[in-house]
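Listed here are the chains, written in short residue letters.
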Amino acid sequence: MDQESPKNSAAEIPVTSNGQLEDSHEHTFNKDLKRSLPVGLGLSETKITSHGFDSTKEGVIEAGPFPGSSASPKSSVISPSTAAASRLAGQGCDLIIPTGGRAQQKSGPVVLADEVKNPAVEKLELVRKWSLNTYKCTRQIISEKLGRGSRTVDLELEAQIDILRDNKKKYENILKLTQTLSTQLFQMVHTQRQLGDAFADLSLKSLELHEEFGYNADTQKLLAKNGETLLGAINFFIASVNTLVNKTIEDTLLTVKQYESARIEYDAYRTDLEELNLGPRDANTLPKIEQSQQLFQVHKEKYDKMRNNVSIKLKFLEENKVKVLHNQLVLFHNAIAAYFAGNQKQLEQTLKQFHIKLKTPGADAPSWLEEQ
C-alpha cells in the first residue's frame, strides 16, 4: 500500500454506518473543500448535498451551517455545475457576482440577440463600395483615353450602335426641316384664307369686277382648304417620326449607355484581376485574388446580359423603324404630289388611306351650353 501513488484525500471520504464522517479524515476533507470554494465563503457556511439521477438539484453547493459549526447561515447560492447554470438561465434569472464575491439572484429575462446593425455603418459601407467602384471605372476610362488600357470591343455590335447614332442625327434633321415646312405652310394657309375673304368682300362691293374677284376668292379658299389637308398629313408625319426618334430610338440608346457602363466596369475589374495574377501568390494575396475573381465574374455576367439586351433591342428597332418610315414616307410623298398637282380628290384619298382625321377649326372649343 505504501508503494501506490498518493491520491487526493477529497476523492475518497470514509463514511460510518450512520452516514457521519470519520473524525480521522475530517481535517483533511475540510482543508481540500476550502481550496475549492470561492473567496468569501467559509467552510462553516456550507454543506454538500448529493442526489441521484432523478433529482432536480444536481451539483449544487447550498449555503448553510456545516455539521458541528456554530456559525450562522448565510443566503448565498453558488452553482459551479454547467447543468445547474443552464437551468438557472432557462428559468429567466440572471446570476450577478457583486464586488464582495457573493452570488445574488436578480429576476429578469435573459435576452440573447444578434448584434444590431447600425444604419450609419451600412451607409458608410455603401459609400465605400460606390467610391471604390467609381475610382476603378474612372481609372479605366482615363487609361483608355491615354491609350494605356485595353478595352473589350464587340465589332459587330459597335458598328450597329454607330449606325444607329448617325441615323438618329439624320432623322432629327429631317424632323427639324419638316417642322419648319409645317410652320411655313400654316402661315401660307392662314394668308390664303385671309386673301380669299378679302377677294370675296371686294366681289360684293365692286360690281364692275364682281366675277374676277369672285374667281380669285374661290381659288384662294380652295388652296387654303387643300393646304389644311396637306398640313394634317405633314403633322401626322412629324408626330410619327418624333415618336420614333425621341422615344423608340432614345430608349434603345439608353440601353446602349447602360451597356457601355457595364463594359467599363467589366474592363476595370478585369484589369485588376490581371494585375493581381501577375503578382506574387502568398497568404496575403490569395484572398485578394479570390475576391477579385468573384467581382470579375459578377461584372462579366452583367456585361453579357447587357450586351444581349442591346442586340435584341437593335433588332426590334430596325424592324419597327423600317415599317414606320415606309408608311410615313409613302404618306408624305403622295400628299405633297397631290397638293401641288391640284388633285384634291387624290389628296383626300391619301388621308383616308392612312386614317388621318383633320381637326375642324374650333371643334375642340366647348359649346355655350357646356360652358354654362
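Residues numbered from 1 in each chain as written. Predicted model: local features only at pLDDT ≥ 70, side-chain atom pairs only at ≥ 80, totals over all residues. Heavy atoms only, no water.

- An unreviewed UniProt entry lists the chain under the name ARFP1 protein, with Pterocles burchelli as the source organism.

Re the packing of aromatic side chains
Centre distance and the angle of the planes are the two values used to describe a pair of aromatic rings.
Consideration 1: Inspection of the entire model under this criterion finds six aromatic pairs.
Consideration 2: A ring pair is formed by Phe-199 and Phe-213, whose centres lie 6.1 Å apart and whose planes are at 35°; its orientation type is tilted. One end of the pair, Phe-199, is in helix 4 (residues 155–205); the other, Phe-213, is in helix 5 (residues 210–278), and 14 residues separate them in sequence. Here the two residues Phe-199 and Phe-213 agree in accessibility, since each one is buried.
Consideration 3: Measuring from centroid to centroid gives 5.0 Å for Phe-237 and Phe-332, while their planes differ by 40°, and the two rings are tilted. (Phe/Tyr/Trp six-rings, centres within 6.5 Å; stacked < 30°, edge-to-face > 60°. Helix = DSSP H or I, 4+ residues; strand = E, 2+ residues; numbered from the N terminus. Buried < 20%, exposed > 50% of the residue type's maximum accessible area, 1.4 Å probe, protein only.)

Digging into the packing of helix 6 (residues 285–341) against helix 7 (residues 344–353)
Consideration 1: Relative to each other, helix 6 and helix 7 sit at 160°, their axes nearing to 8 Å. Considered as vectors, helix 6 and helix 7 are oriented roughly antiparallel to each other. The way helix 6 lies across helix 7 gives a crossing that is left-handed. Across the interface between the two elements, Leu-331, Asn-334, Ala-335, Ala-338 and Tyr-339 from helix 6 touch Gln-346, Leu-347, Thr-350 and Gln-353 from helix 7.
Consideration 2: Class assignment of the residues belonging to the contact of helix 6 with helix 7 gives a composition of five nonpolar, four polar and no charged. (Axes fitted to C-alpha atoms, helices over the stretch in contact; angles between N-to-C directions. Parallel < 35°, antiparallel > 145°, perpendicular 65-115°, else oblique. Left-handed = near helix turned anticlockwise from the far one by under 90°. Contact = heavy atoms within 4.5 Å. Nonpolar A, V, L, I, M, F, W, Y, C, P; charged D, E, K, R; others polar.)

Points about the pattern of salt bridges
Between side chains of opposite charge, a pair can form as their charged atoms come close.
Consideration 1: Evaluation of the coordinates by the stated rule reveals 19 salt bridges.
Consideration 2: For the salt bridge of Arg-263 with Asp-267, the shortest nitrogen-to-oxygen distance reads 2.8 Å. Pair noted here: Arg-263 and Asp-267 are both in helix 5, with a separation of four residues, about one helical turn.
Consideration 3: Taking the shortest distance from any N to any O, the salt bridge between Glu-274 and Arg-270 comes out at 3.1 Å. Residue Glu-274 and its partner Arg-270 are both found in helix 5; the two are separated by four residues, about one turn of the helix.
Consideration 4: On the accessibility criterion, Glu-274 (40% relative accessible area) is partly exposed.
Consideration 5: Connected through shared salt-bridge partners, Glu-144, Arg-151, Arg-263, Asp-267, Arg-270 and Glu-274 make up one network. (Salt bridge = Lys/Arg side-chain N within 4 Å of Asp/Glu carboxyl O.)

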